[in-house]
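Residue-level listing of the chains:
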Amino acid sequence: MDGILVRGGKPLYGSVKVSGAKNAALPILCATLLSDGESHLRNVPDLHDIATTAQLLSTMGRPVDAAPPSVIVRPGTVTPEAPYDLVKKMRASVLVLGPLTARYGRAKVSLPGGCQIGTRPVDQHLKGLEAMGASIKLDHGYILVESGRLRGAQIVFDMPTVTGTENLMMAAALAKGKTTLVNAAREPEVVELARVLNKMGARVRGAGTNIIDIEGQDELAPFDHAIIPDRIEAGTFLVAAAAAGGDVLVDNVRSDDLEALIAALRGAGVTVEPDGTGIRVVRTGTLRSVDVTTAPHPGFPTDMQAQFMVLMCLAEGTSRIAETVFENRFMHVPELIRMGADLHVEGHTAHVRHVTRLDGASVMATDLRASASLVIAGLVADGETLVRRVYHLDRGYEHIETKLGGLGADVTRVRGLAS
Ligand code: UD1
């Protein structure tokens, strides 16, 4: 098992280029199932989750040439079944459910297993497909869907769900008639998927607002598309530079996608300015505490909460960080406490009190973004931090040690750790 060894205390200088967005690439890879032809994705990040999705598509019968940043999905005869072995590796595999049902009238997809950051059910995905005429059974850990051609419907989500919105947008793109999604997720990755569906010949309107209309088509065409930059990777570098101090250009960023984070960083006394195709972040002085509450986009992203907490550990005063999207997303807290952070959690809120320093320690990564927070903590800590179980990190950050190393951080991968 790999770990990341960080020797802390070095400010970051230079520029780093952000890769394509994992959470945009995953649904777009699944959207290739909506047409029979060859589709080409560009600017795809080289990550385990992409490899898992490529393997899932090829297991189902669509050969994939995955050579990120280029991924080509070729035509093939599809068996619409997503086995447990692949779905268990990645919850987002459930994104094949909508396209398979819409294109083949049936699907057998393993229920995603329990996830460390909460129960994360898929009831909204299923409710939407049922409203479109599918009949659904749960059987021995599998979701079994049978449908004729799906029919357009009005679907009101109980809460904005990103992959739920994406699954139903894809299903609706081949349904008969118009579908309206109400209380839809507004994330930039949803807007990106709508762009691709429109390239394929669907008529999707309103993506980016909480009401999305989709006019279903009889068939859709293959596509060629370059994926948007990853706002969470970008945000992670912004916070890393703010925490470690220094002057960094985070390049290939759409600052409109990061407004809530940028506002919070500015509130903390960090200079954050658009610069060409990127964002320049400079931190020389002391940090001020800021309260943040995670919320669906355009609110403060839950995927940036753990990283921002590290920054707040170093800020003067007390910061309250409330997590409203997932019920169990504070697993980095005990690890940060082991590094000397002064944190306590009450319900959905972490109270973060200022400490003058963090200490390097051996820590355990528990999920993707928690892992990133521990690497950032390592950058600012005295001495050495060994972040174990970085396979989580490899699911979402392309070559993170090389990118941080390019900014002057002392970060190395250690292979073959016992656990
Ligand atoms: C996506 C992102 C993930 C991010 C999350 C929230 C991908 C591949 N992953 O995850 O990085 O942290 O959005 O921004 O894009 N819920 C239900 N029933 C459902 C669906 C969701 O109760 O059927 C709940 C979830 O438990 C959670 C909330 O809705 O509390 C939001 O989850 P959702 O937006 O669906 O997260 P994902 O799409 O899984």
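Worth saying up front: this structure is predicted, and the values here are computed from it rather than measured.

Caption draft 1: Structural context of the overall build of the protein chain. Scanning the protein chain for helices and strands turns up 14 helices and 24 strands. The C-alpha atoms of the protein chain give 21 Å as radius of gyration, which agrees with the globular expectation for 419 residues (22 Å, within 12%). C-alpha extents for the protein chain along the principal axes are approximately 65 × 45 × 40 Å. Taking all 419 residues of the protein chain together, the buried fraction comes to 57%. Residue pairs at least 24 apart in sequence account for 73% of intrachain contacts in the protein chain once pairs closer than 6 positions are excluded. Counting only carbon and sulfur atoms, one obtains 49% of the accessible surface of the protein chain, whose full area is about 15,600 Å². In the protein chain, 43 positive and 47 negative side-chain charges are present, and the distance between their average locations comes to 2 Å.

Caption draft 2: Representation of the sheet that holds strand S8 (residues 135-139) within the structure. Strand order in this open sheet of four strands is S6-S7-S9-S8, and the pairing throughout is mixed. Lying at the two open borders of the sheet, with one neighbouring strand each, are strand S6 (81-82) and S8. As paired elements, strand S7 (residues 106-110) and strand S9 (residues 142-146) share five bridges and run antiparallel to each other. Its bridge partner being in S9, serine 110 is matched across the sheet by tyrosine 142.

Caption draft 3: Spotlight on helix H6 (residues 162-173). The end-to-end C-alpha distance of H6, which contains 12 residues, comes to 17 Å, matching closely the 16 Å that a straight helix rising 1.5 Å per residue would cover. In terms of burial, H6 is a largely internal element, 10 of the 12 residues being buried. Residues of H6 that are buried include every one of Gly164, Thr165, Glu166, Asn167, Leu168, Met169, Met170, Ala171, Ala172 and Ala173, and no others. Near the N-terminus of H6, the side chain that reaches the backbone nitrogen of glycine 164, with its oxygen 2.9 Å away, is that of threonine 161.

Caption draft 4: Inspection of the side chain of aspartate 49 at higher detail. Mapping aspartate 49 onto the fold places it in helix H2 (residues 48-60). Classification of aspartate 49 by relative accessible area gives buried; the value is 1%. Sequence-distant contacts of aspartate 49, defined by excluding residues within four places in its chain, comprise Lys22, Leu26, Met90 and Arg395.

Caption draft 5: Layout of the pairing of strand S5 (residues 70-73). Alignment of strand S3 (residues 39-42) against S5, held across three bridges, turns out to be antiparallel. Directly across from leucine 41, in S5, lies its bridge partner valine 71. Pairing analysis gives four bridges linking strand S4 (residues 64-67) to S5, with the strands arranged antiparallel. Looking at the pairing, alanine 67 lines up with serine 70 of S5. A loop of two residues connects S4 with S5, the two strands running antiparallel in sequence.

Caption draft 6: Spatial organisation of the pattern of salt bridges. This structure, assessed with the given rule, holds 27 salt bridges. Between aspartate 2 and arginine 413 there is a salt bridge; the shortest N-O distance is 3.0 Å. Note that aspartate 2 is positioned in the segment before strand S1 (3-7) and arginine 413 in strand S24 (residues 410-414), a separation of 411 residues in sequence. Since its relative accessible area comes to 18%, aspartate 2 is described here as buried.

Caption draft 7: Examining the sheet that holds S1 more closely. Strand order across the open sheet formed by four strands is S22-S23-S1-S24, with mixed pairing between neighbours. Unpaired on one side and paired on the other, strand S22 (362-364) and S24 mark the two borders of the sheet. Across the sheet, the mean angle separating the axes of adjacent strands is 20° when strand polarity is ignored. Looking at chain direction, S1 and strand S23 (residues 384-388) are connected through four bridges and run antiparallel. Within S23, the position partnered with leucine 5 by the bridge is leucine 386. Sitting on the sheet, helix H12 (residues 368-380) is in contact with S1, S22, S23 and S24, with an inclination near 170° to S23.

Caption draft 8: Broad picture of the site of the ligand. Around the ligand lies a shell of 19 residues, among which Asp123, Thr161, Thr163, Asp303 and Val325 are the nearest. Measuring from an oxygen atom of the ligand, one finds a side-chain N or O atom of asparagine 23 at 3.1 Å. The separation between an oxygen atom of the ligand and a polar side-chain atom of aspartate 303 is 2.6 Å. Summarising the interface, the protein chains cover 88% of the accessible area of the ligand, which totals 740 Å² for the free molecule. Counting residues per element, the ones that place at least two in the shell around the ligand are helix H5 (123-131) and H6. For the shell around the ligand, the element with the highest residue contribution is H5, accounting for three residues. In the shell around the ligand, the residues fall into eight nonpolar, six polar and five charged.

About the cut-offs
Here, residues in each chain are numbered from 1, in the same order as that chain's written sequence. Local features in a predicted model are, by the rule used here, given only for residues with pLDDT of at least 70; side-chain atom pairs are given and counted only at 80 or more, and totals for whole chains, interfaces and linings are based on all residues. Hydrogens and water molecules were not included; the side-chain quantities draw on all heavy atoms of the structure. The secondary structure listing takes helices from DSSP runs of H or I that are at least 4 residues long and strands from runs of E that are at least 2 residues long, numbered from the N terminus. Here the globule rule reads 2.2 Å times residues to the power 0.38, and the radius of gyration is calculated from C-alpha atoms. For every residue, the accessible area obtained with a 1.4 Å probe (protein chains only) is divided by the maximum for its type, and the residue is called buried under 20%, exposed over 50%, and partly exposed between those limits. Contact criterion: two residues are considered in contact whenever any of their non-hydrogen atoms come within 4.5 Å of each other. Working definition of accessibility: Shrake-Rupley area with a 1.4 Å probe, residue cover restricted to the visible protein chains. For the purpose of charge, His is not counted, nor are the chain termini; Lys and Arg are scored as positive and Asp and Glu as negative. In plain terms, the charge of a residue is placed at NZ if it is Lys, CZ if Arg, CG if Asp and CD if Glu. In short, DSSP must find at least two bridges between two strands for them to pair. To estimate the expected span of a helix, count its residues, drop one, and scale the result by 1.5 Å. Definition of a polar contact: a pair of N or O atoms within 3.5 Å, with one able to donate and the other able to accept a hydrogen when the atoms are protein atoms, and with sequence-neighbouring residues admitted only if both atoms are side-chain atoms. Salt bridges, as used here, are contacts in which a Lys or Arg side-chain nitrogen is within 4 Å of a carboxyl oxygen on Asp or Glu. Note on geometry: axes are lines fitted to C-alpha atoms, helical ones only across the stretch in contact, with angles between N-to-C directions running from 0 to 180 degrees. Put simply, a residue is near a molecule or strand once any heavy atom of it comes within 4 Å of that molecule or strand. For this classification, the nonpolar set comprises Ala, Val, Leu, Ile, Met, Phe, Trp, Tyr, Cys and Pro, the charged set comprises Asp, Glu, Lys and Arg, and every other residue, Gly included, is treated as polar.

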